[in-house]
Amino acid sequence: MSNANVKKVRSSEIELKDKLVDIRRVTKVTKGGRTFSFSAVVVVGNENGVVGHGLGKAKEVTGAIAKAIDDAKKNLIKVPVVNGTLPHEQNGKFSGSRVFIKPASNGTGVIAGGAMRAVMESVGVKDVLAKSKGSSNPANVVKATIDALVQLRDAATVANHRGVTLDKVFNG
């Protein structure tokens, strides 16, 4: 996600809602036996173009979720949402997960599975078609979806980057 157009957002400025994407018990095998802890993946967003993801691990479930929420608040990004959908289609990837997101017409809803759905709803996208390919590991799917969202650019950003007017972007 080392993209030049990534806009970092401060969590103190906005009201964020969190969604638990995945929680799992992980085991560390030691000489004295097994040590159990919990790992949580959380997505936070204001449902108005700001989203972040976080991973937390702790001995207790509540501790893991709290750590994941704190981590997610440190990784917030701004996403362009145009009329409740995305400005254009985009691919994203992270590790073995690949995602494809595509804008949809009004009234379509969020056509996305599990981890992708949580991210899209947290961003505030109301109409989107999304497909997850490759690994279905929820942590990697969330990161791949965030990667795709980071790469999105709205028309004004494209016009500014090219140094032309907004009309010139659409009429070429």
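Everything below is about the structure printed above this text.
None of the values given here were measured: they were computed from a predicted structure.

J.: Before we go on, may I ask you to explain the packing of helix H2 (residues 114-123) against helix H3 (residues 138-150) in this structure?
T.: Each packed pair of helices is defined by two parameters, the angle between the axes and the distance between the axes. Orientation of H2 relative to H3, taken along the N-to-C sense of each, is 40 degrees, at an axis distance of 8 Å. Judged by the inter-axis angle, H2 sits oblique to H3. Where H2 crosses over H3, the two elements pack in a sense that is right-handed. Along the contact surface, H2 presents Ala115, Met116, Val119, Met120 and Val123, while H3 presents Pro138, Val141, Val142, Thr145, Ile146 and Leu149.

J.: Hey, could you run me through the environment of Ala118 in this one?
T.: For Ala118, the position within the fold is in helix H2. The spacing of Ala118 and Phe94 is 24 residues in sequence and 17 Å in space, taken between C-alpha atoms. Leaving out residues up to four positions away in the same chain, Ala118 has contacts with Lys19, Val21 and Val43.

J.: Is there a simple way to explain the pairing of strand E2 (residues 33-45) in this structure?
T.: The side chains of a regular strand alternate, residue by residue, between the two faces of the sheet. Pairing of strand E1 (residues 17-30) with E2 involves 13 bridges; the strand directions are antiparallel. In the sheet register, Thr27 faces E2, and the bridge partner there is Phe36. Between E1 and E2, which pair antiparallel in sequence order, lie two residues. Hairpin connection of E2 to strand E3 (residues 50-58): four residues between the antiparallel strands, including Glu47 at a positive phi of 60 degrees.

J.: Help me understand the side chain of Gln90 in this model?
T.: Positionally, Gln90 belongs in strand E5 (residues 90-94). The class of Gln90 is buried, set by a relative accessible area of 16%. Among the polar contacts made by the side chain of Gln90, one reaches the side chain of Gln151 at a distance of 2.8 Å. Not counting residues up to four positions away in its chain, the partners in contact with Gln90 are Val99, Phe100, Ile101, Ala148, Gln151 and Leu152.

J.: Please explain the sheet that holds strand E6 (residues 97-103) as it appears in this structure.
T.: One key point about sheets: their strands pair by backbone hydrogen bonds, in either a parallel or an antiparallel sense. Strand order across the open sheet formed by four strands is E5-E6-E8-E7, with mixed pairing between neighbours. Since the sheet does not close on itself, it has two edges, and those belong to E5 and strand E7 (110-111), each with one partner.

J.: Help me understand a nonpolar patch on the surface, please; the structure alone is not making it clear to me.
T.: A cluster of nonpolar side chains, namely Leu20, Ile23 and Val61, defines an oily patch on the protein surface of about 210 Å² accessible area. Tracing the sequence through the fold places Leu20 in strand E1. Taking the relative accessible area as the measure of exposure, Leu20 reaches 43% and is therefore partly exposed.

J.: Would you mind showing me how to read the environment of Ile23 here?
T.: Considering the arrangement of structural elements, one finds Ile23 in strand E1. Along the backbone, Ile23 and Val164 are 141 residues apart, and their C-alpha atoms lie at a distance of 47 Å. What Ile23 contacts, discounting residues up to four positions off in sequence, is Ser39, Ala40, Val61 and Ile65.

The rules behind these values
Residues numbered from 1 in each chain as written. Predicted model: local features only at pLDDT ≥ 70, side-chain atom pairs only at ≥ 80, totals over all residues. Heavy atoms only, no water. Axes fitted to C-alpha atoms, helices over the stretch in contact; angles between N-to-C directions. Helix = DSSP H or I, 4+ residues; strand = E, 2+ residues; numbered from the N terminus. Parallel < 35°, antiparallel > 145°, perpendicular 65-115°, else oblique. Left-handed = near helix turned anticlockwise from the far one by under 90°. Contact = heavy atoms within 4.5 Å. Pairing = 2+ DSSP bridges. Buried < 20%, exposed > 50% of the residue type's maximum accessible area, 1.4 Å probe, protein only. Polar contact = N/O pair within 3.5 Å; in protein donor to acceptor, adjacent residues only side chain to side chain. Patch = residues over 30% accessible without salt bridge, like charges linked within 9 Å, V, L, I, M, F, W, Y side chains within 5 Å. Areas by Shrake-Rupley, 256 points an atom, 1.4 Å probe, with all protein chains shown as cover. Salt bridge = Lys/Arg side-chain N within 4 Å of Asp/Glu carboxyl O.

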